[in-house]
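# Descriptive analysis of the structure
Residue strings, one per chain:
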Amino acid sequence: MEKYVITTENTADLPYSYYKEHQVEYMYLTYQLDGITYNKENELDFKEFYSRMRAGSMPTTSQVNSEEAKDVLRPLLEAGNDVLHLAFSSGLSGSYNSVRLAAEELKEEYPDRKILVVDSLCASLGEGLFVYKAVQMKEAGASVDEVAAWLEEHKQNFCHVFTVDDLFHLYRGGRVSKAAAIVGTMINLKPLLHVDDEGHLIPLSKVRGRKKSLATLVSMMEERIGSWKDKNDIIFISHGDCEEDAQYVAKLVREKFGYESFLINTIGATIGTHSGPGTVALFFMGEYR
């Protein structure tokens, strides 16, 4: 049986205990905050990160470069493993391209090894769900080619719907205009967004009030889920330091669909830089994005 390792990036927002338990290696997209660069060895506590954002700090992020990618992949290849890398959406970052280029160079060094790089077109725990499904298949005995093929076939079935609490972070990221951010904030408008077929963040609609926006996530799930309703074995929810709201969405999903298995985790700093505190995102398998 071929030996292979699944790799991804910290943008998958899975608990670090999950990576360790399932032998998933991850690359790290660094971020800068208040003049300090944070990385895998030097990470700020997420509560502290969001606290600083609420106080007005403006973090910035950097993508994985090809040298950093090679530093993660080379030891795995050296140990005789093939690699399946599941990348952060190319619609949101150049990291996928960096890893792809690194893989091409490493194939020359390790001609007997397979290095497959899949663009997940996903972000946060959407990418996490992508990794989860791959790990599930691998642990059930699927080959690296079988896992990669299934993910390519079904990547449009990984659904992301989310709402943000503060429009100004989306304005900074170029997702809404300054005027929309000011007016929306004045009248308590909460935007609802999704990740589209090309892996971009796209605003879909706005509702007034926080509770309404959280309930609308579940309505959006109902619209998209289709024949996958009985195939979802777990639902993922990520949040920007607002766990009570994430738990509220889980309660609504449980009441609507009867699901009992949830993974709820904080949105890490790399994604949180762009979505801001108070973001709640819901991820599931569905008919369309």
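What you see is a predicted model, and the numbers here were worked out from it, not measured in a lab.

Moving on, we come to the domain arrangement of the protein. In terms of domains, the protein is made up of domain 1 (2-154) and domain 2 (156-283). Each of domain 1 and domain 2 has a C-alpha centre, and the two are 22 Å apart. If you look at the interface, domain 1 gives 38 residues, while domain 2 gives 36 residues. Taken together, the links from domain 1 to domain 2 amount to three salt bridges. For aspartate 241, the salt bridge is made with arginine 54, and the minimal N-O distance between the two is 2.7 Å.

This part takes up the sheet that holds strand β1 (residues 4-9). In space, the four strands of this open sheet follow the order β2-β1-β6-β7, with parallel pairing throughout. Looking at strand neighbours, the two that pair on one side only are β2 (25-27) and β7 (115-119), the edges of this open sheet. Across the sheet, the axes of successive neighbouring strands diverge by a mean angle of 25°, strand direction being ignored. Packed onto the sheet, helix α5 (residues 125-139) meets β1, β6 (82-87) and β7 and runs at close to 175° relative to β1. Against the sheet, helix α6 (residues 144-154) engages β1, β6 and β7, with an angle of about 15° to β7.

Criteria and thresholds
- Residues numbered from 1 in each chain as written.
- Predicted model: local features only at pLDDT ≥ 70, side-chain atom pairs only at ≥ 80, totals over all residues.
- Heavy atoms only, no water.
- Domains from an automatic or database assignment.
- Contact = heavy atoms within 4.5 Å.
- Salt bridge = Lys/Arg side-chain N within 4 Å of Asp/Glu carboxyl O.
- Pairing = 2+ DSSP bridges.
- Helix = DSSP H or I, 4+ residues; strand = E, 2+ residues; numbered from the N terminus.
- Axes fitted to C-alpha atoms, helices over the stretch in contact; angles between N-to-C directions.

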